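# Observations on the three-dimensional arrangement
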Amino acid sequence: MSLFHLILVAIIQGITEFLPISSSGHLILLPSLSGLKDQGQAIDIAVHVGTLGAVVLYFWSDVKQAVAGFPRALTGRADTPQSRLALGLIIATVPTVIAGLILHVTGMSAAMRSITVIGWTMLGFGLLLYWVDQKAPETKEAAEWGIRDAFIMGLWQVLALIPGTSRSGITITGARQLGYTREDGARIAMLMSIPTILASGTLLAMDVVREADMQLARDGAIAALFAFLSALLALSLMMRLLRSVSFTPYVIYRVILGVILLIMAYS
């Protein structure tokens, strides 16, 4: 891959991973719309590692709490704020891991990588985010996140396995439906991304570990670095904007892109 191609993939992944506009959808569309060669799973892993580093750094205080509570969470105890957060993240991740393994083994995940699917999910789940965000109350804070809400948001997150849905977008939709404030709902959704990215990255790594070489390692390091920087910038900007702006700008973008893709798919 050329340096330009690597940087382009990394920036697209970094910007779209945490904004509610679907990183996987944009990466699937890139070869189709630009004529560039598909970047392959190894680069997918690298850019996911980069975005993982960004969210861990940005929410470092929350990550430390979750790590501290992890041993107690493994025993099923949620009697401290740290163990409650850790157990919530575990529970929220399980449905996606199970569903993801099923799709991976059956090959259904590859069958959904089409412009038609992405067009409909961009449009449909974008409008759903708008409707929920406008109608749902803002009565809960992140500190109130418990086992029940974690499981419900985990079920919402399963929908992100459909390309174009947006993992952050659908989990934010779930958080808003449960009554969390925009900022705290986004914060929970971002923390949920950490074990999910780890799980998906591990699954991808198992597929490409035999193909590893020095050239691929160099390309991966470059992609990870630019994905990290762009993701940190996008995440910081979104969290600041949510203090005064709704999710409507992202919905508008999703609707416009979804309509364009559907026109392309059916023309």
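Scroll up to find the structure.
Residues numbered from 1 in each chain as written. Predicted model: local features only at pLDDT ≥ 70, side-chain atom pairs only at ≥ 80, totals over all residues. Heavy atoms only, no water.

## Things to note about the nonpolar core
- Val-55, Trp-145, Met-190 and Met-238 are the most contacted members of the largest nonpolar core, which totals 38 residues.
- Taken together, the elements giving at least two residues each to this core come down to α3 (41–58), α4 (60–74), α5 (81–106), α8 (147–158), α9 (167–177), α10 (182–208), α11 (214–241) and α12 (248–266).
- Residue contributions to this core peak at 8 residues, all from α10.
- Setting aside its immediate chain neighbours within four residues, Trp-145 contacts Arg-84, Leu-85, Gly-88, Leu-89, Ala-92, Ala-150, Met-153, Tyr-180, Ile-188 and Met-192.
- Membership of the second largest hydrophobic core comes to 13 residues, among which are Leu-6, Ala-10, Ile-12 and Leu-27. (Core = buried A, V, L, I, M, F, W, Y, C linked by side-chain atoms within 4.5 Å. Buried < 20%, exposed > 50% of the residue type's maximum accessible area, 1.4 Å probe, protein only. Helix = DSSP H or I, 4+ residues; strand = E, 2+ residues; numbered from the N terminus. Contact = heavy atoms within 4.5 Å.)

## Here's the deal with the packing of α8 against α9
- One way to put it is that α8 packs onto α9 with a least axis distance of 8 Å and a crossing angle of 145°. As for the relative orientation of α8 and α9, their crossing is right-handed in sense. Taken together, the residues of α9 that come into contact with α8 (itself represented by Met-153, Trp-156 and Gln-157) are Arg-167, Ile-170, Thr-171, Thr-173, Gly-174, Ala-175 and Gln-177. (Axes fitted to C-alpha atoms, helices over the stretch in contact; angles between N-to-C directions. Left-handed = near helix turned anticlockwise from the far one by under 90°.)

## Digging into a nonpolar patch on the surface
- A grouping of Leu-33, Ile-252, Ile-256, Ile-260 and Met-264 is seen on the molecular surface, where their side chains present a nonpolar patch of about 460 Å² in accessible area.
- Of the residues forming the nonpolar patch, the biggest block, 4 residues, is contributed by α12.
- You can see Ile-260 is positioned in helix α12. (Patch = residues over 30% accessible without salt bridge, like charges linked within 9 Å, V, L, I, M, F, W, Y side chains within 5 Å. Areas by Shrake-Rupley, 256 points an atom, 1.4 Å probe, with all protein chains shown as cover. Salt bridge = Lys/Arg side-chain N within 4 Å of Asp/Glu carboxyl O.)

## Describing the environment of Leu-261
- Looking at the secondary structure, you find Leu-261 in helix α12.
- With a relative accessible area of 0%, Leu-261 lands in the buried category.
- Expressed as a C-alpha distance, the spacing of Leu-261 and Met-122, which sit 139 residues apart in the sequence, is 9.1 Å.
- Setting aside residues no more than four positions away along its own chain, Leu-261 makes contact with Leu-29, Ile-115, Ile-118 and Gly-119.

## Comments concerning the pattern of salt bridges
- Using the criterion set out here, one finds 9 salt bridges in the structure.
- With its nearest N and O atoms 3.1 Å apart, the salt bridge here joins Asp-149 to Arg-148.
- For Arg-148, a relative accessible area of 58% translates into the label exposed.

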